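Summary of structural features
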Amino acid sequence: MLKFMSLTTFPIDCDVPSDREQKQTALTYLSEAWAEALHDGVDGDCLAQASLFTAFAELVATYGEDAVAKFVEGLPGRVLNGEFSVGLAKQ
């Protein structure tokens, strides 16, 4: 008779990056892809719109339309508070 180990006997992988580390890694990848696309002549506004579409499509696939709609309700305040103005020159 074969006896299988239960999942509780396996060690926990301590090398799994934290949520914050994963977000930083993702931002690095996206920044590099963005810079490469700009270098190849893709317009920044087109990149932004395609990025937003892709991001919202992923969020809808993960959380559903209602949750994402509720999330985006808070975006105007966050934009007006300067949360997305990182790196922009103040005029």
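Below you will find a few notes about this structure. (Residues numbered from 1 in each chain as written. Predicted model: local features only at pLDDT ≥ 70, side-chain atom pairs only at ≥ 80, totals over all residues. Heavy atoms only, no water.)

1. Here we look at the overall build of the protein chain
- Tallying secondary structure elements over the protein chain gives 4 helices and 0 strands in all.
- Relative to its 91 residues, the protein chain shows a buried fraction of 4%.
- Entry remark: accessible area of the protein chain is about 8,600 Å², with carbon and sulfur atoms responsible for 62%. (Helix = DSSP H or I, 4+ residues; strand = E, 2+ residues; numbered from the N terminus. Buried < 20%, exposed > 50% of the residue type's maximum accessible area, 1.4 Å probe, protein only. Areas by Shrake-Rupley, 256 points an atom, 1.4 Å probe, with all protein chains shown as cover.)

2. Side note on the layout of surface pockets
- Empty space within the largest pocket amounts to approximately 1,600 Å³.
- Looking at the largest pocket, it is lined by 30 residues, and the ones nearest its centre are L27, L30, L52, A55 and F84.
- Contributions of two or more residues to the lining of the largest pocket are made by α1 (19-39), α2 (44-63) and α4 (75-80).
- Sort the elements by how many residues they give to the lining of the largest pocket and α2 lands first, with 12 residues. (1 Å grid on protein atoms, 1.4 Å probe; cavity = no way out; pocket = protein on both sides within 12 Å on 5 of 7 lines; lining within 4 Å. Points joined across faces, edges and corners; volume = space filled by probe spheres on them.)

3. Structural notes on the packing of α2 against helix α3 (residues 65-73)
- For the pair α2 and α3, the least separation of the axes is 7 Å and the interaxial angle reads 130°. Classified by the interaxial angle, the pair formed by α2 and α3 is oblique. Residues F56, L59, V60 and Y63 of α2 lie in contact with α3, whose contacting residues are E65, A67, V68, F71 and V72.
- Looking at the contact of α2 with α3 residue by residue, the classes come out as 8 nonpolar, no polar and 1 charged. (Axes fitted to C-alpha atoms, helices over the stretch in contact; angles between N-to-C directions. Parallel < 35°, antiparallel > 145°, perpendicular 65-115°, else oblique. Contact = heavy atoms within 4.5 Å. Nonpolar A, V, L, I, M, F, W, Y, C, P; charged D, E, K, R; others polar.)

4. Observations concerning the pattern of salt bridges
- Evaluation of the coordinates by the stated rule reveals 2 salt bridges.
- The residue D19 makes a salt bridge to K23 at a minimum N-O spacing of 3.1 Å. Taken together, the positions of D19 and K23, both in helix α1 and 4 residues apart, correspond to about one turn of that helix.
- In this structure, R78 engages E83 in a salt bridge whose closest nitrogen and oxygen atoms are separated by 2.5 Å.
- By relative accessible area, R78 is classed as partly exposed at 27%. (Salt bridge = Lys/Arg side-chain N within 4 Å of Asp/Glu carboxyl O.)

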